[in-house]
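The residues making up each chain are set out below.
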Amino acid sequence: MTTGKFIKTVFFIEMLKGMALTFKTFLFTPPVTRRYPKKVRVYSQPGFRGLHALAKNEEGKMKCVGCGLCGAYCPSQCIYIYTTEGEDHSKVVDRYEIETTRCIYCGFCVEACPFGAITLSEHYEYSTYTRDSLYMTKEKLLDNWDKYFAGEKGLRYFRDFWRPKSEDFNGYENQAMFNKVKVKGKE
Ligand code: SF4
Ligand code: SF4
């Protein structure tokens, strides 16, 4: 053992250095914990996967056409879609439901939807005492659109969303979710 190492071992130099660092951090570094819910964290990361919402088009109508792709992709199998045949053999989405207690917030439903009709908002504060309130119906999901995507908030989501912006999509403007849903007979 060298003299330097011997001195360090005998006088606990490394330990004292560690304690000095801890003491310095304790005194001069502001805490990173927040006094939630008094202080609410503002998510700066776009595409945080929070509560679901069903998108509406510019006329305020639900974009979902009931194709069922989101449900087929969902690894938790927690999306339930009930459709009937409407006028002109068009599909009518009677019920669109998500059991959020089983959802793993993977975002596959969003990725799978060819119409950008299902989205994950940045809203995360929805703890509750009843399971029922975590069962999202079509009406609740459409309400969520109004609550969390209205105005600037929605623009930010559509501009900065976490979906891949690779060459395959040829830029975010060309992703399906930015295109209007074309209804047969209407332009
Ligand atoms: S986020 Fe994932 S688990 Fe949740 S509903 Fe969508 S596909 Fe299913
Ligand atoms: S949300 Fe999209 S993928 Fe799911 S049923 Fe509606 S249109 Fe189809």
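Look up: the structure comes first, before these words.
Below you will find a few notes about this structure.

Definitions and cut-offs
- Residues numbered from 1 in each chain as written.
- Chains lettered and ligands numbered in written order.
- Predicted model: local features only at pLDDT ≥ 70, side-chain atom pairs only at ≥ 80, totals over all residues.
- Heavy atoms only, no water.
- Helix = DSSP H or I, 4+ residues; strand = E, 2+ residues; numbered from the N terminus.
- Buried < 20%, exposed > 50% of the residue type's maximum accessible area, 1.4 Å probe, protein only.
- Contact = heavy atoms within 4.5 Å.
- Areas by Shrake-Rupley, 256 points an atom, 1.4 Å probe, with all protein chains shown as cover.
- Near = heavy atom within 4 Å.
- Nonpolar A, V, L, I, M, F, W, Y, C, P; charged D, E, K, R; others polar.
- Core = buried A, V, L, I, M, F, W, Y, C linked by side-chain atoms within 4.5 Å.
- Patch = residues over 30% accessible without salt bridge, like charges linked within 9 Å, V, L, I, M, F, W, Y side chains within 5 Å.
- Salt bridge = Lys/Arg side-chain N within 4 Å of Asp/Glu carboxyl O.
- Lys, Arg positive; Asp, Glu negative; His and termini not counted.
- Charge placed at Lys NZ, Arg CZ, Asp CG, Glu CD.

Quick notes on the overall build of the protein chain
Phase 1 of the analysis: Counting its secondary structure elements, the protein chain contains six helices and five strands.
Phase 2 of the analysis: From first element to last, N terminus to C terminus, the protein chain shows the α and β order α-α-β-α-β-β-α-β-β-α-α.
Phase 3 of the analysis: Looking at the protein chain residue by residue over its 187 residues, the buried ones come to 29%.
Phase 4 of the analysis: Sequence-distant contacts, at least 24 apart, represent 67% of the contacts inside the protein chain between residues at least 6 apart.
Phase 5 of the analysis: For the protein chain, the exposed surface amounts to about 13400 Å²; the carbon and sulfur share of it is 58%.

What about the site of ligand 2?
Phase 1 of the analysis: By nearness alone, 14 residues border ligand 2, and C64, C67, G68, C70 and C113 come closest of all.
Phase 2 of the analysis: Class assignment of the residues belonging to the shell around ligand 2 gives a composition of twelve nonpolar, two polar and no charged.

A word on the site of ligand 1
Phase 1 of the analysis: The local shell around ligand 1 holds 13 residues, among which C74, C103, C106, G107 and C109 are the closest.
Phase 2 of the analysis: Among the residues forming the shell around ligand 1, the class breakdown is ten nonpolar, three polar and no charged.

Re the nonpolar core
One broad rule of soluble globular proteins: the nonpolar side chains tend to lie buried together.
Phase 1 of the analysis: Residues L54, I79, Y96, I98 and I118 are the most contacted members of the largest nonpolar core, which totals 28 residues.
Phase 2 of the analysis: Listing elements by their share of this core, those giving two or more residues are β1 (52-54), β3 (91-99), α4 (108-112), β4 (118-120), α5 (138-148) and α6 (152-160).
Phase 3 of the analysis: No other element matches α5, which puts four residues into this core.
Phase 4 of the analysis: Sequence-distant contacts of Y96, that is, excluding residues within four places in its chain, are made with L54, C64, C70, I79, Y80, I81, I118, M136, T137, K138 and L141.

Brief notes about a positive patch on the surface
Phase 1 of the analysis: A surface patch of positive charge is lined by R34, R35, K38, K39 and R41.
Phase 2 of the analysis: Note on placement: R34 falls in the loop between α2 (13-28) and β1.

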